[in-house]
Amino acid sequence: MKRLQDKVLQEGLVLSDRVLKVDSFLNHQMDPVLMKEIGEEFVKRYDGERITKVLTIESSGIAPGLMTALVLNVPLIFARKQKSLTLRDDIFVEKVYSFTKQETNEVTVSKKFLSPDDRVLIIDDFLANGEAASGLARIVEQAGAAVVGFGIVIEKSFQPGRDHLLAAGYRVESLVRVASLEDGTVTFVDEAQEVPAE
Ligand code: G4P
């Protein structure tokens, strides 16, 4: 998505070879017009998939998730992150380890909001190691519902998340694919093909 690539180049800060800071439009301040276009793009890519729910995880997945759900006219569910829970039988729970933050969270969704006839699109802001994404897919599967695929705003293609999800048989649509952050520079995957004039 050309406009998103431009935004990353203009406003993204390369903090290290592994971390891209995008707090001016995605992770802190948010750009609603761009977010709307992001939602429309995910819907276009998953056209015809009869999606009944969008699922994301708090907090930065909520904006792109909500815009996608708005265009589809279906509910958005955001999974909650909690440290540790006393056992409850009214929620789906999965453990998600964050390599970036080196901590494990329990990710939860109320059983009320997912059922076996749901077809779920999972949206997230970043795809790195794929731990959060896999945890969300396991929650959908606990409910007996179908994972239609993943919609990722920024994929760090030099980390293994995409390959893990593809190997597990999921469809992954990423709007921007970052091949490298080396030398303080953002390089996109297939740059020549991905930035045609629109
Ligand atoms: P994984 O789920 O793909 O395995 O990723 P990881 O544990 O490494 O990521 C943990 C958190 O860090 C996630 O946000 C993820 O979106 C974010 N993240 C990963 N890489 C980057 C990056 O290069 N830049 C930025 N800005 N974020 C990154 P989170 O903890 O869930 O935070 P939030 O959604 O509450 O903001």
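Since we're looking at a predicted model, the values are computed, not measured.

(A) Molecular detail of the environment of Asp-90. Relative to the assigned elements, Asp-90 resides in the loop between strand E4 (76–82) and strand E5 (91–98). For Asp-90 and Thr-52, which are 38 residues apart along the polypeptide, the C-alpha to C-alpha distance reads 21 Å. Excluding its chain neighbours within four sequence positions, the residues that come into contact with Asp-90 are Ser-110 and Lys-111. Of the polar contacts made by the side chain of Asp-90, one reaches the side chain of Arg-88; its length is 3.2 Å.

(B) Just the UniProt feature "binding site: 5-phospho-alpha-D-ribose 1-diphosphate" (unreviewed entry) in the protein chain, in detail. The feature "binding site: 5-phospho-alpha-D-ribose 1-diphosphate" (unreviewed entry), as annotated in UniProt, sits at Ala-128, Asn-129, Gly-130, Glu-131 and Ala-132 in this numbering. Here Glu-131 shows up in helix H4 (residues 131–142). Relative to the assigned elements, Ala-132 resides in helix H4. Every residue in contact with Ala-132, bar those within four places of it in the chain, is listed here: Val-96 and Asp-124.

The rules behind each value
- Throughout, a residue's number is its position along its own chain's written sequence, starting from 1.
- Restriction of local features to residues with pLDDT of at least 70 applies here, the model being predicted, together with a cutoff of 80 or more for giving and counting side-chain atom pairs; totals for whole chains, interfaces and linings are based on all residues.
- As a rule here, side-chain values come from all non-hydrogen atoms in the structure, and water together with hydrogens is ignored.
- Helix and strand labels come from DSSP, where a helix needs a run of H or I of at least four residues and a strand needs a run of E of at least two; each type is numbered from the N terminus.
- Any two residues whose heavy atoms approach within 4.5 Å are treated as being in contact.
- Whenever a nitrogen or oxygen atom comes within 3.5 Å of another N or O atom, the pair is scored as a polar contact, on the condition that within protein one atom can donate a hydrogen and the other can accept it, and that pairs from neighbouring residues in sequence are kept only if both atoms are in side chains.
- UniProt positions are given in the numbering used here, feature names are shortened, and annotations may be inferred rather than shown by experiment.

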